[in-house]
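So the chains spell out like this:
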Amino acid sequence: MKVVLKNLTKIFPGRTKKSEQVVAVDNLDLELPDGKLVGLLGPSGCGKSTALYMICGLETPTSGEIYFGEENVTKLPAEERGVGLVFQNYALYPHMSVRQNIMFPLGNLKGSARLSKQEMERRVEEAASLVQIDSLLDRKPSELSGGQQQRVAIARALVKMPRVLLLDEPLSNLDARLRLKTREEIKRIQNETGITTVFVTHDQEEAMSISDVIIVMKQGVVQQVEKPQAVYDDPVNLFVAKFLGTPAINVFKGRVLDERLFIGEQDVMSAEGYRDGDVIIGIRPEGFTVREDGPFSCEFVRLDVMGRDVSIISKCPECEEETLRAIVSSDDVKGLGLKSVAFELKPSKVLLFDPVTEKRLRPA
Ligand code: ADP
Ligand code: MG
């Protein structure tokens, strides 16, 4: 089921006369492709949950429309939309067994949607088996680990066979290892069921690893919608470039002059096709190669060896941060000097932005 959002906006009124209204979601215009896992990514407070709750019917849009396939569901009550929702805090009923928790939404079905006891049992076992908690059905939530509780919550969302599955930061309460494992599981479950899924997260790495398509949001406004690799390689603005990637992109003040790119007085590479003027330069950590006579020379600070990676930490006055980080191969650092380090830059890893609008600049 594809989901289409047309000019969807949510404005929360100010609580008092003096306090300002909040535009939580601003004119969202999107198509979520059928059967895919869409990652909705952005910093805390950017409107992710509000967007999700409008899709599922828990929040009423201020304006705009929501379609499931060809059906306009904007005014349809939540329980008639056929959505499954999983929250960050699993919100299981503590006095009920796992089986009863998963079955609960089925007991609420009315009229022609009502199911026989047998069919309910069958659906619960199917959902439990999909999230691999078949053996835990008779336990109480308090007898489960966090990861198992979250699986129960996912099973409960799946048991109604939803048309759309909505996950709001479902892994935030899990420890790091479990988070990795559970996100693999969610990916598998989504693949097996083929349910159109929206996965909300503020964690760019999580979004990158799990999503077929990423939507990056900032202050209620969609910045970019693309496959994870494309958002990383080809960000539309400085915000997206900075938000994706760990370690983060290195940012410098620079300028273009006669189709050459300058950082301070250093002519660091060609800028063919770019207009003269001040620019913001973003260089991914993997965009540096150590070369003795490289054109970009920085003050050497230290080496960080982290598993496979070697990071060269260095300084230059035009860098936005105190230091910059270059990730290089361990062979590269053997001949490193003590005071300074010179780099050559990989053109595909160097991105230019307008210093005023912070939009991506592209060669003519
Ligand atoms: P996210 O899920 O990305 O962290 P939210 O969608 O929860 O962001 O919130 C977006 C913005 O809307 C925030 O500024 C938040 O304070 C505001 N907001 C959310 N819910 C309400 C509400 N019920 N009343 C007023 N403001 C709200
Ligand atoms: Mg939220």
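Only a predicted model underlies this, so the values are computations on that prediction, with no experimental measurement involved. Every chain is numbered independently, its residues counted from 1 as its sequence is written. Think of it this way: whatever chain is written first is A, whatever ligand is written first is 1, and the rest follow in order. Only residues with pLDDT of 70 or above have their local features reported here, since the model is predicted, and side-chain atom pairs are shown and tallied only from 80 upward, although totals for entire chains, interfaces and linings are computed over all residues. Computation of side-chain values: all heavy atoms of the structure, hydrogens and water removed.

Colleague: What am I meant to see in the overall build of the protein chain here?
Modeller: A tally of regular secondary structure across the protein chain gives eight helices and 21 strands. Seen through its C-alpha atoms, the protein chain measures out along the principal axes to roughly 75 × 45 × 40 Å. Here the term buried applies to any residue with accessible area under 20% of the maximum for its type, exposed to any over 50%, and partly exposed to those in between, with areas from a 1.4 Å probe on protein chains only. Out of the 364 residues in the protein chain, the part that is buried amounts to 47%. Two residues form a contact once any of their heavy atoms are found within 4.5 Å. Nonlocal contacts in the protein chain, meaning residues at least 24 apart in sequence, comprise 66% of its contacts between residues at least 6 apart. A 1.4 Å probe and the Shrake-Rupley method give the accessible areas. Residues count as covered only by the protein chains that appear here. In the structure as shown, the protein chain presents an accessible area of about 18500 Å², 49% of it carried by carbon and sulfur atoms. We count a stretch as a helix when DSSP gives it H or I for four or more residues in a row; a strand needs E for two or more, and each element gets its number in order from the N terminus.

Colleague: Where do I start with the environment of Gly282 in this structure?
Modeller: Along the chain, the position of Gly282 falls in strand β14 (residues 277-283). For the pair Gly282 and Glu185, spaced 97 residues apart in sequence, the C-alpha separation works out to 35 Å. With residues up to four places along the chain from it excluded, the contact list for Gly282 reads Ile249, Asn250, Lys349, Val350, Leu351 and Phe353.

Colleague: What am I meant to see in the environment of Asn89 here?
Modeller: Take Asn89: it is sitting in the loop between β6 (83-86) and α2 (98-107). Along the chain, Asn89 and Leu5 lie 84 residues apart, while their C-alpha atoms are 26 Å from each other.

Colleague: How should a negative patch on the surface be read in this particular structure?
Modeller: Where like charges cluster on the molecular surface, the negative patch consists of Asp258, Glu259, Glu272 and Asp276. Locating Glu272 in the fold gives a position in the loop between β13 (266-270) and β14. A relative accessible area of 60% places Glu272 in the exposed class. A residue counts toward a patch only above 30% relative accessible area and without a salt bridge, and it is joined to like-charged neighbours within 9 Å or, for Val, Leu, Ile, Met, Phe, Trp and Tyr, to nonpolar neighbours within 5 Å. Salt bridges are counted wherever a side-chain nitrogen of Lys or Arg sits within 4 Å of a carboxyl oxygen of Asp or Glu. In this tally Asp and Glu are treated as negative and Lys and Arg as positive; neither His nor the chain ends contributes. Where a charge lies is defined by one atom per residue type: Lys uses NZ, Arg uses CZ, Asp uses CG and Glu uses CD.

Colleague: When you look at empty space enclosed by the protein in this model, what are you seeing that I'm missing?
Modeller: One water molecule sets the probe size; rolling that probe over the atoms shows where empty space is left. In this analysis the probe radius is 1.4 Å and the grid spacing 1 Å, with only protein atoms considered; a cavity is a set of points the probe fits into but cannot get out of, a pocket is an open set with protein on both sides within 12 Å along at least five of seven lines, and lining residues have an atom within 4 Å of a point. Grid points are joined across faces, edges and corners, and a volume is the space filled by probe spheres set on the points. Counted by the stated rule, this structure contains three cavities of 30 Å³ or more. By volume, the largest cavity is sized at about 50 Å³. Contributing to the lining of the largest cavity are Leu5, Leu28, Leu30, Leu32, Leu40, Ala51, Ile55, Val198 and Ile215. When residues of the lining of the largest cavity are assigned to their parent elements, the largest contribution, three residues, is made by strand β2 (residues 22-32).

Colleague: For this particular structure, what's the right way to read the pairing of strand β3 (residues 37-41)?
Modeller: Across a regular strand the side chains alternate sides, sitting on one face of the sheet and then on the other. The element β3 is largely enclosed, with a buried count of five among its five residues. Judged by which residues are buried, β3 turns out to be covered on both faces: Leu37, Gly39 and Leu41 on one side and Val38 and Leu40 on the other are all buried. DSSP bridges decide pairing: two strands pair if at least two such bridges lie between them. Judged from the four bridges that link them, β3 and strand β9 (residues 213-218) form a sheet pairing that is parallel. Bridged to Leu40 within β9 is Ile215.

That's the geometry; what it means functionally is another story.
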